[in-house]
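As a plain string of letters, each chain reads:
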There are 2 protein chains.
Amino acid sequence: MRIIKNEDLKQRFIAEWSYDRQFSFDIAQVAQLYLFPAKSIIVQAPDRPRDLLYLVKGKTKLYDTLANGKVALIDFFTPPCFIGEMELLDPKSPSFTVQAIEDCWCLALPMAEYQQKLLQDTTFLRSVCQYLGRKNSRNIRTSSQNQAFTLSQRLAGFILLTANDEMYEEKHTQVAQYLGVSYRHLLYVLADFVKLGYLEKVGHHYRVVQPDSLARLAREVDWKTGSTEK
Amino acid sequence: MRIIKNEDLKQRFIAEWSYDRQFSFDIAQVAQLYLFPAKSIIVQAPDRPRDLLYLVKGKTKLYDTLANGKVALIDFFTPPCFIGEMELLDPKSPSFTVQAIEDCWCLALPMAEYQQKLLQDTTFLRSVCQYLGRKNSRNIRTSSQNQAFTLSQRLAGFILLTANDEMYEEKHTQVAQYLGVSYRHLLYVLADFVKLGYLEKVGHHYRVVQPDSLARLAREVDWKTGSTEK
DNA sequence: CCTCAAGTATGAGATTTCTCATACTTACCT
DNA sequence: AGGTAAGTATGAGAAATCTCATACTTGAGG
């Protein structure tokens, strides 16, 4: 992770998502701009995050570590999106691992220093409530809809979401579990995409060669295109 | 809806879910206890709810009215659970229809009178944040897991959740959409349950005759057994 | 009274997806 | 070096689920 000392860029991100309006005090001066390179770990469970982050650019994925030690993919985040807000608000909340899919820019506020202040800040609390509420509505709606689509359609969207730099490199076992299908079937459909020319196999990974075809397939799926609607 | 003037019962419900600890002021005296009879409408979209409710006993379901006028089943709530919290917090949030599945008891706080106070109450706001965050974790986890189960298993759980007084009376069209399966297939599985003796057809409805068998089938499904874990 | 929309109901054949069996490879542990 | 766990890979048959076609019933509106 790198701290980006570019005041101008920082202010642009703040303005783009009205970050400053989510606090009752002047945040623009104290927040720092971080850059997490693609594939780097943003939060490593079970460590608690050091900062309250606000994702302003990039895509991330969230993993849970199961009781048996296995790692399960559970969700994706795109801007605008808080990271670490549950840990800030709920001391008992478990924490999850968050990884950058592509380069991710975040506005960061050190928790140790600001936790007490934030827990007393009604502007901030109301804004988090709205954020969580909208995320909820989205989840509820999409989860019951997504089941209705065939794996090809959901996988197409999934590949576009998780590919970085034209390369799709997710672990099949995790993806099968996330998409709720068998490992076997996932491989069939992947092989199909290769046969159709949408993907090209490179070692154990795949190169996206026809993003448009995938997009056409995924078109109807109300995919996680934003943590809340923009 | 009836207002229940039973101070003793009210206090018991408050204690059972630590309702009073979610506010910084003394709520026990001003909250009223409501009883919504089975099948009655608790909140009717697009009207905004008059009170902030807290479900302490009973089960409810939530509907969305689609653009085309159709009604879609989208979620279920069980105690403890706020109803109307999004409308209180987010003036722009759409509102949904909430219906009692069985008799439902709610603690009620008139919004007009308390909205301003609640929006300034950090204890309340933090508690709603935690509540929403946990609901989120639950949704995320269950939604990606549920797909992995067969319709028989999910339907078994669904029937147990939505039946009232041993009668299952949901509309097949809505259920098929909610469970993400075709109408046709839903009817096949329902017919199967009848053949197996789990259900008994009564007109267009079904009587649950072997709840245990259904429970066994549903056992593994991490069903919505609570809005947050108790 | 007629018509239309929505919900219910059932059959038949086509697709999607699953389970199980079996191998090969890689990383890590001892 | 040997062993084990995890991930990858593929085949074959079975089960789950879908699409389409077709009817019947009921309630609301003209």
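Residues numbered from 1 in each chain as written. Chains lettered and ligands numbered in written order. Predicted model: local features only at pLDDT ≥ 70, side-chain atom pairs only at ≥ 80, totals over all residues. Heavy atoms only, no water.

- As recorded by an unreviewed UniProt entry, chain A carries the name Transcriptional regulator YeiL and is attributed to Levilactobacillus fuyuanensis.

## Section: helix α1 (residues 7–16) of chain A
All names here are of chain A.
Okay, so step 1: For α1, every residue scored as buried is listed here: L9, K10, F13 and I14. The buried residues of α1 occupy one face: seen down the axis, they fall within an arc of 140°. Projecting away from the buried face of α1 at angles above 90 degrees are the exposed residues D8, R12 and A15.
Okay, so step 2: On its buried face, α1 sits against β2 (32–36), β4 (51–57) and β9 (104–110).
Okay, so step 3: One or two residues past the end of α1 sits S18, with phi positive at roughly 50°. (Buried < 20%, exposed > 50% of the residue type's maximum accessible area, 1.4 Å probe, protein only. Helix = DSSP H or I, 4+ residues; strand = E, 2+ residues; numbered from the N terminus. Arc of directions from axis to C-beta. Contact = heavy atoms within 4.5 Å.)

## A word on the domain arrangement of chain A
Where interface size is given, it is often the accessible area lost as the parts come together that is meant.
All names here are of chain A.
Okay, so step 1: Parsing chain A into structural domains produces domain 1 (2–143) and domain 2 (147–218).
Okay, so step 2: Here the C-alpha centre of domain 2 lies 28 Å away from the C-alpha centre of domain 1.
Okay, so step 3: Taken over both partners, the interface formed by domain 1 and domain 2 buries close to 1,100 Å², and the fraction arising from carbon and sulfur atoms is 50%.
Okay, so step 4: When the buried surface of domain 1 facing domain 2 is broken down by residue, L73, F76 and I101 rank first, second and third, together holding 42% of it.
Okay, so step 5: Where domain 1 meets domain 2, there are 2 salt bridges.
Okay, so step 6: One salt bridge connects K39 with E169, and the closest N-O pair in it is separated by 2.7 Å.
Okay, so step 7: Contributions of two or more residues to the side of domain 1 that touches domain 2 are made by β5 (60–65) and β6 (71–77). (Domains from an automatic or database assignment. Buried area = accessible area lost by both parts, 1.4 Å probe. Salt bridge = Lys/Arg side-chain N within 4 Å of Asp/Glu carboxyl O.)

## Quick notes on the protein's contact with DNA strand C
Okay, so step 1: Taken together, 16 residues lie around DNA strand C, and A:S182, A:H185, B:Y183, B:R184 and B:K201 are the ones closest in.
Okay, so step 2: Restricting attention to atoms of DNA strand C within 4 Å of the protein, one finds that 53% of them are sugar or phosphate atoms.
Okay, so step 3: A distance of 3.3 Å is found between a phosphate oxygen of DNA strand C and a side-chain nitrogen or oxygen belonging to A:T150.
Okay, so step 4: Taking B:K201, its side chain carries an N or O atom lying 2.8 Å from a phosphate oxygen of DNA strand C. (Near = heavy atom within 4 Å. Polar contact = N/O pair within 3.5 Å; in protein donor to acceptor, adjacent residues only side chain to side chain.)

## Things to note about the protein's contact with DNA strand D
Okay, so step 1: In the vicinity of DNA strand D, 15 residues are found, and the nearest of them are A:Y183, A:R184, A:K201, B:S182 and B:H185.
Okay, so step 2: The protein-proximal atoms of DNA strand D, defined as those within 4 Å of the protein, are 54% sugar or phosphate.
Okay, so step 3: Here a phosphate oxygen of DNA strand D and a side-chain polar atom of B:T150 are 3.3 Å apart.
Okay, so step 4: Between DNA strand D and B:S182 there is a distance of 2.7 Å, counted from a phosphate oxygen to a backbone nitrogen or oxygen.
Okay, so step 5: Those elements that provide at least two residues to the surface near DNA strand D are α6 (172–179) and α7 (183–195) of chain A together with α7 (183–195) of chain B.
Okay, so step 6: Looking at the surface near DNA strand D residue by residue, the classes come out as 4 nonpolar, 7 polar and 4 charged. (Nonpolar A, V, L, I, M, F, W, Y, C, P; charged D, E, K, R; others polar.)

## Digging into the sheet that holds β5(A)
Residues and elements named next belong to chain A.
Okay, so step 1: Pairing within the open sheet is antiparallel, and its 4 strands lie in the order β3-β8-β5-β6. The open sheet has two edge strands, β3 (41–43) and β6, and neither has a second partner. Across this sheet, the average inter-strand angle for adjacent strands is 30°, counted without regard to direction.
Okay, so step 2: Across 2 bridges, β3 lies against strand β8 (residues 97–100) in antiparallel orientation. Across the sheet, V43 pairs through a bridge with V98, a residue of β8.
Okay, so step 3: Along the sheet, α6 makes contact with β5 and β6, crossing β6 at roughly 65°. (Pairing = 2+ DSSP bridges. Axes fitted to C-alpha atoms, helices over the stretch in contact; angles between N-to-C directions.)

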